[in-house]
Amino acid sequence: MASEPLRKEETFTMRRRLIGHSCRLFYSDDPVKIVRARGQYLYDENGQRYLDCISNVHHVGHCHPSVTKAAADQMDLLNTNTRFLHDNIVLYADRLAATLPERLSVFYFVNSGSEANDLALRLAHQYTQHEDVIVLDHAYHGHLMSLIDISPYKFRKLTGQKEWVHVAPLPDTYRGEYKEDDAYADAVKDLIEEAHAKGRKISAFFAESMPSVGGQIILPRGYSAKVAEYVRAAGGVFVADEVQTGFGRVGSHYWAFQMQEDFCPDIVTMGKPMGNGHPVACVATTAEIARAFTANGVEYFNTFGGNPVSCAIGLAVLDVIEKEDLRENAKIVGKRLKDLFSELKSRHELIGDVRGAGLFVGIELVEDRELKTPATKAAAHIVKRYDEIAKNKAPAAADFLLELLDQAQSGRPNLRQYGRTLGKRLKVQTAHVLHHGRRRAGGQVHRPHPHRNGG
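Predicted, not measured: the structure shown is a model, and the values here were computed from it. (Residues numbered from 1 in each chain as written. Predicted model: local features only at pLDDT ≥ 70, side-chain atom pairs only at ≥ 80, totals over all residues. Heavy atoms only, no water.)

Q: Could you clarify how one ought to interpret the overall build of the protein chain in this entry?
A: Looking only at helices and strands, one finds 14 helices and 14 strands in the protein chain. Taking all 455 residues of the protein chain together, 56% fall into the buried category. Restricting the contact set of the protein chain to residue pairs at least 6 apart, pairs at least 24 apart contribute 71%. Summed over its atoms, the accessible surface of the protein chain is roughly 20600 Å², and 51% of this surface lies on carbon and sulfur atoms. (Helix = DSSP H or I, 4+ residues; strand = E, 2+ residues; numbered from the N terminus. Buried < 20%, exposed > 50% of the residue type's maximum accessible area, 1.4 Å probe, protein only. Contact = heavy atoms within 4.5 Å. Areas by Shrake-Rupley, 256 points an atom, 1.4 Å probe, with all protein chains shown as cover.)

Q: Please explain the packing of helix H3 (residues 87–97) against helix H10 (residues 308–323) as it appears in this structure.
A: Relative placement of two packed helices is described by the angle separating their axes and the distance separating the axes. With their axes 9 Å apart at the nearest point, H3 and H10 run at an angle of 35° to one another. The element H3 and its partner H10 pack so that their crossing is left-handed. The segment H3 lies against H10, with Asn88, Ile89, Leu91, Tyr92, Arg95 and Leu96 engaging Pro308, Cys311, Ala312, Gly314, Leu315, Leu318, Asp319 and Glu322. Its residues assigned to classes, the contact of H3 with H10 shows 9 nonpolar, 2 polar and 3 charged. (Axes fitted to C-alpha atoms, helices over the stretch in contact; angles between N-to-C directions. Left-handed = near helix turned anticlockwise from the far one by under 90°. Nonpolar A, V, L, I, M, F, W, Y, C, P; charged D, E, K, R; others polar.)

Q: Looking at this structure, I do not really get the pairing of strand E9 (residues 267–270). What am I missing?
A: Consecutive residues of a regular strand have side chains that alternate between opposite faces of the sheet. Residues Ile267 and Thr269 of E9 are buried on one face, and the alternating residues Val268 and Met270, pointing to the opposite face, are buried as well. As paired strands, E9 and strand E10 (residues 281–285) are joined by 4 bridges and run antiparallel to one another. Note on E10: the bridge partner recorded for methionine 270 is cysteine 282. (Pairing = 2+ DSSP bridges.)

Q: What's the story with helix H2 (residues 65–77) in this structure? I'm lost.
A: Helical geometry note: an α-helix holds 3.6 residues per turn, so side chains three or four residues apart project in the same direction. For H2, which comprises 13 residues, the first-to-last C-alpha distance of 18 Å matches the rise-based estimate of 18 Å (1.5 Å per residue) to within 8%. Within H2, the full set of buried residues consists of Val67, Ala70, Ala71 and Gln74. Down the axis, H2 shows its buried residues gathered within 95° of arc, on one side only. Exposed side chains of H2 directed beyond 90 degrees from the buried face belong to Pro65, Lys69 and Asp76. (Expected span 1.5 Å × (residues − 1). Arc of directions from axis to C-beta.)

Q: Would you explain the nonpolar core in this entry?
A: A general trend in soluble globular proteins is that nonpolar side chains are found buried together. Ranked by internal contacts, the top residues of the largest apolar core, which has 56 residues, are Leu96, Val188, Phe205, Tyr223, Phe247, Met270 and Met274. A total of 9 residues in this core trace back to one element, the largest contributor, which is H10. Those residues in contact with methionine 274 that sit more than four places away from it in its chain are Tyr92, Leu96, Phe109, Phe247, Val280, Ala281, Cys282, Gly314 and Val317. Within the second largest apolar cluster, 27 residues are counted, among which are Leu119, Leu121, Val237 and Val283. (Core = buried A, V, L, I, M, F, W, Y, C linked by side-chain atoms within 4.5 Å.)

Q: Any chance you could explain the packing of helix H4 (residues 113–128) against helix H9 (residues 287–294) here in plain terms?
A: Contact geometry for H4 and H9: axes closest at 9 Å, N-to-C directions at 85°. Comparing the axis directions of H4 and H9 gives the class roughly perpendicular. Note on element contacts: H9 touches H4 through Glu288, Ile289, Ala292 and Phe293, opposite Leu119, Arg122, Leu123, Gln126 and Tyr127. Broken down by class, the residue content of the contact of H4 with H9 amounts to 6 nonpolar, 1 polar and 2 charged. (Parallel < 35°, antiparallel > 145°, perpendicular 65-115°, else oblique.)

Q: Please explain the environment of proline 374 as it appears in this structure.
A: Looking at the element boundaries, proline 374 is found in strand E13 (residues 373–374). Proline 374 sits in the partly exposed class, given a relative accessible area of 29%. Separated by 199 residues in sequence, proline 374 and arginine 175 have C-alpha atoms that sit 9.6 Å apart.

Q: I tried to follow the packing of aromatic side chains on my own but got confused; where do I start?
A: Geometry of an aromatic ring pair is reported as the spacing of the ring centres plus the angle between the planes. For the coordinates displayed, the defined rule picks out 13 aromatic pairs. When the centroid spacing of 5.4 Å and the interplanar angle of 20° are considered together, the rings of tyrosine 92 and phenylalanine 109 count as stacked. You can see tyrosine 92 sitting in helix H3 and its partner phenylalanine 109 sitting in strand E4 (residues 106–110), a full 17 residues away along the chain. Aromatic pair tyrosine 108 and phenylalanine 293: ring centres 5.8 Å apart, planes at 85°, arrangement edge-to-face. With tyrosine 108 in strand E4 and phenylalanine 293 in helix H9, this pair connects stretches of sequence that are 185 residues apart. These aromatic residues form a ring-pair network of at least three members: Phe205, Tyr223, Phe238, Phe257 and Phe263. Directly above the aromatic system of tyrosine 43 lies the positively charged group of arginine 36, at a separation of 4.0 Å from the ring centroid. The ring centre of tyrosine 153 lies 4.7 Å from the NZ or CZ of lysine 157, which sits over that ring. (Phe/Tyr/Trp six-rings, centres within 6.5 Å; stacked < 30°, edge-to-face > 60°. Lys NZ or Arg CZ within 6 Å of the ring centre and 35° of its normal.)

Q: Is there a simple way to think about the sheet that holds strand E2 (residues 41–44) in this case?
A: One key point about sheets: their strands pair by backbone hydrogen bonds, in either a parallel or an antiparallel sense. Taking strand neighbours across the sheet as the criterion, the 3 strands line up as E1-E2-E3 in an open arrangement whose pairing is antiparallel. Every other strand in the sheet has two partners, leaving strand E1 (34–38) and strand E3 (49–51) as the edge strands with one partner each. Pairwise comparison of adjacent strand axes, ignoring direction, gives a mean angle of 30° for this sheet.

Q: What's the story with the pairing of strand E12 (residues 360–368) in this structure? I'm lost.
A: Burial analysis of E12 places 7 of its 9 residues in the buried class, the great majority of the element. Here strand E11 (residues 351–357) folds back onto E12 in antiparallel fashion, the turn holding 2 residues, of which glycine 358 has a positive phi close to 60°. Inspection of the sheet shows E12 paired to E13 by 2 bridges, in the antiparallel sense. In the strand pairing of E13, aspartate 368 is matched with threonine 373. Between the end of E12 and the start of E13, which pair antiparallel, lie 4 residues, with lysine 372 showing a positive phi angle near 60°.

Okay, here's the thing in structure tokens:
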């Protein structure tokens, strides 16, 4: 590390020269240089404090002392790969198993949600000996080529849809193709029959337990169980992507798939908040699927997946979630946000829908409530510059969000000045928020995240 930190302009110049331009910065026209963080706050090189309303991996707050201590202590003692016998990986797997249905009993540790989803595809292919995958429209499952192929959010901008990929309608009962809950599961059944008619066989149905990139979608009641029935009857498996929604974010349950009654997936992937910013992810599956993967005779080895430091960090995150009762926190703050958003909806025609569970919450902006015309420009305006999702446990933070959104939608005043005024009052410079809360073609604003100090 350089003895003297670079000036912001020097850092920006070097980044443009050395880092691929497809790796984009937040606020690229005037990027913020962040040098440290604590709890829900980020600090720039001048000591200016920002309320972090973008990061979606710091599940228990930036630099939580319990997590950083666990990391430093284990790093000082040992870090090696998983070919050596070590306590941490089995203790961590055992703790994760306690949060999942009993049949999800075998774990593979990796380094990112993308790696986890790629491995889930391999497990499904090996177990079923089939190739085809059904995914939801607008889905995003990662940046590896295998995952871009099953992510309509990405492949439509690139090489297009592969023959072995089948896209099911997003089960959005507000804006979607159907208004009846059963119709969405039946659409998956229709896709399976169409694939069979072409001589193709289904390997997996692959979906987030609550679609995030698609717009904070709450799946219809009974949807997952019915889809799983159809997919399994076709010889496939059900993969639940919990990379965004897992680890208690929905409040009522540890995993979002548990909100669906009488349902258990065959494979679950997890990542993002798992290491509170440290790269760790995982795949959980059944003993039967794991045996089929072993039977191919090819060893699965991941150099860093499940190393002692990563597992120590993962264990510390689980401890914090339990000791600080963060699931209950997600329920309380999430309810507060939904109530405030609903109040806001009663005053502003721009808000067409309020939906969510725990701290997986969103509002949908429309130009016309009857036609549900997406208010794309209004959403982009709010997301890019002026609204502030307060990732804070205190109800006052949610009230602040309501006040700012309320002002943002009341005649479009000078929002920059308004944000500065509120920011000064809270001793926080206004962050430009929800940039990470991706939007469909519609106008959605979404995604606070459940860490104690920061929401």
